[in-house]
Amino acid sequence: MQEFLQQLINGLTSGAIYALIAVGYTMVYGILKLINFAHGEVFMMGAMVSLLLAGTLGWTGPGALLVLLGVAVLACAVLGFLIERLAYRPLRHQPRITSLITAIGVSLLLQYGGQQVFGPTDRVFPEVWPALTGHISPGGVVISFIDITVLGLTLLFMLGLTYIVMYTKIGLALRAVSFNFDTASLMGININRVVSFTFVLGSALAAAGGLLYAIKYLTINPLSGLIPGLKAFVAAVLGGIGSIPGAVAGGILLGLIEVLVVGYVENGSQYKDGVAFVILIVILLVKPSGLFGRSVVEKV
Amino acid sequence: MKRSDAISPAPRPASFAASPLARSLLANVPVPLILVAIVLLGNFVITPRAIGAYNMEIVMQIGIAIILATSLQLINGFGGQFSLGHAGFMAVGAYLSGYPSVAHSRDLTDPAAVLLFYVGLFLSVGIAAAVLVGVFKAARASARLHPSLPAIVMVVLLVWILFDISRSAKYDTPPAYLFVSRGVALLRQLFDVIVHEGGSRAAAISAALPQGWAQPVCFIILLIGGGLCAAGAGLIVGLPTLRLRGDYLAIATLGFAEIIRIAIQNAEPLGESFGLSGIPGYTSFAWLYGAAFITIIVIWRLAYSDKGRAIQAVREDEVAAAAMGIDTTHHKVLSFVIGSFFAGVGGVLYAHFTSFITPEPQVFGLVRSIEFVVMVTLGGLASISGAVLAAIALTLLPELLRNVDDLLPDAVRRTGFSISESRMVIYSLLLIGMMLLRPQGLLGGKELWPRRGMFGRRRLTSPIADPPEPETAAL
């Protein structure tokens, strides 16, 4: 039982990181019906930027963490904005396959360009807040402070996101555009602004996810955004792509299932990366609209 | 004018030269003859001794790229289905021909044993697949009792399978109640019986073949068998995922390809991460380019035929095609399966060329799949000659980049920057640039041959020649 609870905590934390990235995928898809393949790379950039900054500045303490967070969020927001502006907006009226291929191109560019700029080797995240290395053990279950930070920050970000989406004007515009693109533009909503805002918001969350990933797993290289990015996409599909609560639920569920497979299936750790894809196939077979999604009837 | 004039048949031609038979021969014979000549001549002219082993390897890589790019063109370009998993099918073909080649063929002299391997494989996998399909159909039928029953049944089954697999790891022969692994064990026994009991008799049959025939026959069996295995994988991948839309399909195919690669990496008889070595290096220029030309011809004939028109119709507008009476699922699966068949053939040729295959990502993973996608897109979707040209160009690109590297000024070279290492960056810039500036690709969806097709039939211009008008909602 104790081991099970331990696995639960592990699953929750990795699931939280998936959730942060998945939200970005789901928001962009909800508005543009485009899978932003480059989103995983934005996540990686967030981790890279915070890693490099932590390395050069060498500050420590909770303040340093907040500064890193702020810088990473800012950097990724700009990156996300630029990607949308340069690669996706010119193709908004082209057939979907063009944007898909471009998204793949951007993803490759960031991965291998990052390899050229940052070097292909793994980099280690320096210790930023020494107090974080501790842990508490209620009832024998080890909960490290890092886990608490991850969960806490994720919760904070999710609350912030909910506030923005539900209680602000731009959030209302966002929901309107995701409901019906053309009618929203007819209602006087500045589509370009809303789309840019969506990308910025999604990228900010991905940046936070990147920082948390770097803190938790400690090694980053320019190609390490690919797999978590794909898994986050699967999480978004699992929860129902286009639905923000779905993305969160999907992320956490995926994290939990992964950890349970590793823990309880023989040789599970070798199949860990395959779990997400198997879940994807199963969901697409059984309920393609996802757990929280609504199945849209295609009108002819 | 008498009525009989209008309805009388065309007069018989005066000479043979103007007859339909002559026209048909003239249209259909020269090109295949030329291709056969190229293949045979090339086999004797383009040898490692003549052009060097390194250049020979490049020539062979070009051939393999041509096969894979053309087969992907059928799926992506003509079928309009965005498949990101093509390298996975290549892997299936490579491994499921490399393994029998190493384990059963005794240096390709035992075609009967190889045949038995494939028979055993298809039988056992076929039975398993039939059972799964039956279960799936039964689960779907249970929807009549309650709409959410299928989902529940599938989830329960999945959980049971996981439990079953983890429990049965403790036993050599799983007990009867763990029916999933018991069934798998039974199928394994069936396979063993066919391959090993039959194998002893196979050697005698193979020895009875005329001298010198054993190896080519064995290789052909490997090519077809490997291709069929890949086609089977294409069927398994295609059937569930083909009702998904473009973006989902891309990820689903990507996922399947990764699952295939991970499965290979964990399969002990396939060498796990160490790879499969000792595969006889039987692929020669003649075999490779012969196969390449056959691939091009088959896909050309398919794409510019009635079936090809149906496939393209499904790509253009599925609902309209269905309204026209075209079975959309059948045609989508058809293009997928045939595309993966040839990918498998390419994999077989690849495995028997480099006698050592490993499940590494650069060869069989996402990066390779994307390379093929770049080839297809660069050449222009729905253009076979475009895919061939792009395959040649993109296989030669790294070599060119290496030469450019040597031309770089010393100052740049000292910084450690090398163009050839930025190959993937250049690919990605190429991809983005193409989509932004010329999404229809180099040839714009048309073929090199202007209007008449290769075999004298009239062909349509591809609809992707010009980008379509923006999708405006009817408000």
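In this text the structure is predicted, and so the values were computed from the model without any measurement. (Residues numbered from 1 in each chain as written. Chains lettered and ligands numbered in written order. Predicted model: local features only at pLDDT ≥ 70, side-chain atom pairs only at ≥ 80, totals over all residues. Heavy atoms only, no water.)

> So what's going on with the overall build of chain B? Residues and values would help.
What chain B contains, in helices and strands, is 20 helices and two strands. Once local pairs closer than 6 in sequence are excluded, the contacts in chain B between residues at least 24 apart make up 75%. For chain B, the exposed area adds up to about 23,600 Å²; of that, 67% sits on carbon and sulfur atoms. (Helix = DSSP H or I, 4+ residues; strand = E, 2+ residues; numbered from the N terminus. Contact = heavy atoms within 4.5 Å. Areas by Shrake-Rupley, 256 points an atom, 1.4 Å probe, with all protein chains shown as cover.)

> Can you explain the packing of aromatic side chains? Please cite residues and give values.
Residue and element names in this part refer to chain B. Per the counting criterion, the structure on display carries 19 aromatic pairs over all chains. With 5.7 Å between their ring centres and 55 degrees between their planes, Tyr99 and Phe117 make a pair best called tilted. Remark: Phe117 occurs in helix α7 (residues 111–141) and Tyr99 occurs in helix α6 (residues 86–103); sequence separation between them is 18 residues. Accessibility expressed as a relative area gives 2% for Phe117, which makes it buried. For the ring pair Tyr118 and Phe122, a centre distance of 6.0 Å and an interplane angle of 20 degrees mean the geometry is stacked. Taken together, the residues span about one helical turn, with Tyr118 and Phe122 both in helix α7 at a distance of four residues. Look at Phe122 and you get partly exposed, because its relative accessible area is 34%. (Phe/Tyr/Trp six-rings, centres within 6.5 Å; stacked < 30°, edge-to-face > 60°. Buried < 20%, exposed > 50% of the residue type's maximum accessible area, 1.4 Å probe, protein only.)

> Which residues make up the confidence of the model for chain B, and what values do they have?
Residue and element names in this part refer to chain B. Of all residues in chain B, 87% attain a pLDDT of 70 or more, and the chain-wide mean is 80. When pLDDT is averaged over each helix and strand of chain B, the minimum, 58, is found for helix α1 (residues 3–7) and the maximum, 93, for helix α15 (residues 328–351). Here residues 450–475 is a poorly scored stretch, pLDDT under 50, and it has 52 contacts once near neighbours within four places are set aside; other chains count. Across the interfaces of the predicted complex, the ipTM metric reaches 0.83, alongside a pTM of 0.84. (pLDDT = per-residue confidence, 0-100.)

> Which residues make up the interface of chain A and chain B, and what are the values?
Listed as interface residues are 51 residues of chain A and, on the opposing side, 49 residues of chain B. Both faces considered, chain A and chain B share a buried interface measuring about 4,400 Å² in area, 79% of it formed by carbon and sulfur atoms. If you look at where chain A meets chain B, you find zero salt bridges. Where chain A meets chain B, there are one residue pair in polar contact (both at pLDDT 80 or more). The greatest single-element share of the side of chain A that touches chain B, amounting to 14 residues, is contributed by helix α4 (residues 96–118) of chain A. Split into classes, the residues belonging to the side of chain A that touches chain B amount to 36 nonpolar, nine polar and six charged. (Buried area = accessible area lost by both parts, 1.4 Å probe. Salt bridge = Lys/Arg side-chain N within 4 Å of Asp/Glu carboxyl O. Polar contact = N/O pair within 3.5 Å; in protein donor to acceptor, adjacent residues only side chain to side chain. Nonpolar A, V, L, I, M, F, W, Y, C, P; charged D, E, K, R; others polar.)

> With reference to specific residues and values, describe the packing of α6(B) against α15(B).
Relative placement of two packed helices is described by the angle separating their axes and the distance separating the axes. Residues and elements named next belong to chain B. It is at 7 Å that the axes of α6 and α15 come closest, and there the two elements cross at 50 degrees. The angle between α6 and α15 places the two elements in the oblique class. Between α6 and α15 lies a crossing of right-handed hand. Residue-level inspection shows His86, Phe89, Met90, Gly93, Ala94 and Ser97 of α6 in contact with α15, the latter providing Phe336, Gly339, Ser340, Ala343, Gly344, Gly347, Val348, Tyr350 and Ala351. (Axes fitted to C-alpha atoms, helices over the stretch in contact; angles between N-to-C directions. Parallel < 35°, antiparallel > 145°, perpendicular 65-115°, else oblique. Left-handed = near helix turned anticlockwise from the far one by under 90°.)

> Outline the environment of Asn221(A), listing residues and values.
All names here are of chain A. Within the secondary structure, Asn221 is located in the loop between β4 (219–220) and α9 (226–239). What makes Asn221 buried here is its relative accessible area of 18%. In this structure, the C-alpha to C-alpha distance between Asn221 and Ser99, residues 122 residues apart in sequence, is 27 Å. With sequence-adjacent residues up to four places away left out, Asn221 is seen in contact with Met44, Met48, Pro120, Thr121 and Asp122. Side-chain polar atoms of Asn221 contact the side chain of Asp122, separated by 2.7 Å.

> Outline a nonpolar patch on the surface, supporting the account with residue identities and numerical values.
All names here are of chain A. Taken together, the side chains of Met1, Phe4, Leu5 and Tyr264 make up a nonpolar region of the molecular surface, amounting to roughly 420 Å² of accessible area. Here Tyr264 lies in helix α10 (residues 244–264). Taking the relative accessible area as the measure of exposure, Tyr264 reaches 41% and is therefore partly exposed. (Patch = residues over 30% accessible without salt bridge, like charges linked within 9 Å, V, L, I, M, F, W, Y side chains within 5 Å.)

> So what's going on with the side chain of Ser83(B)? Residues and values would help.
Residues and elements named next belong to chain B. Locating Ser83 in the fold gives a position in the loop between α5 (53–78) and α6. A residue is classified by how much of its surface remains accessible, and Ser83, at 1% relative accessible area, is buried. For Ser83, the side chain forms a polar contact with the main-chain nitrogen of Gly85, separated by 3.5 Å. In contact with Ser83, other than residues within four places in its own chain, are Leu72, Ile75, Asn76, Thr253, Phe336 and Val373.

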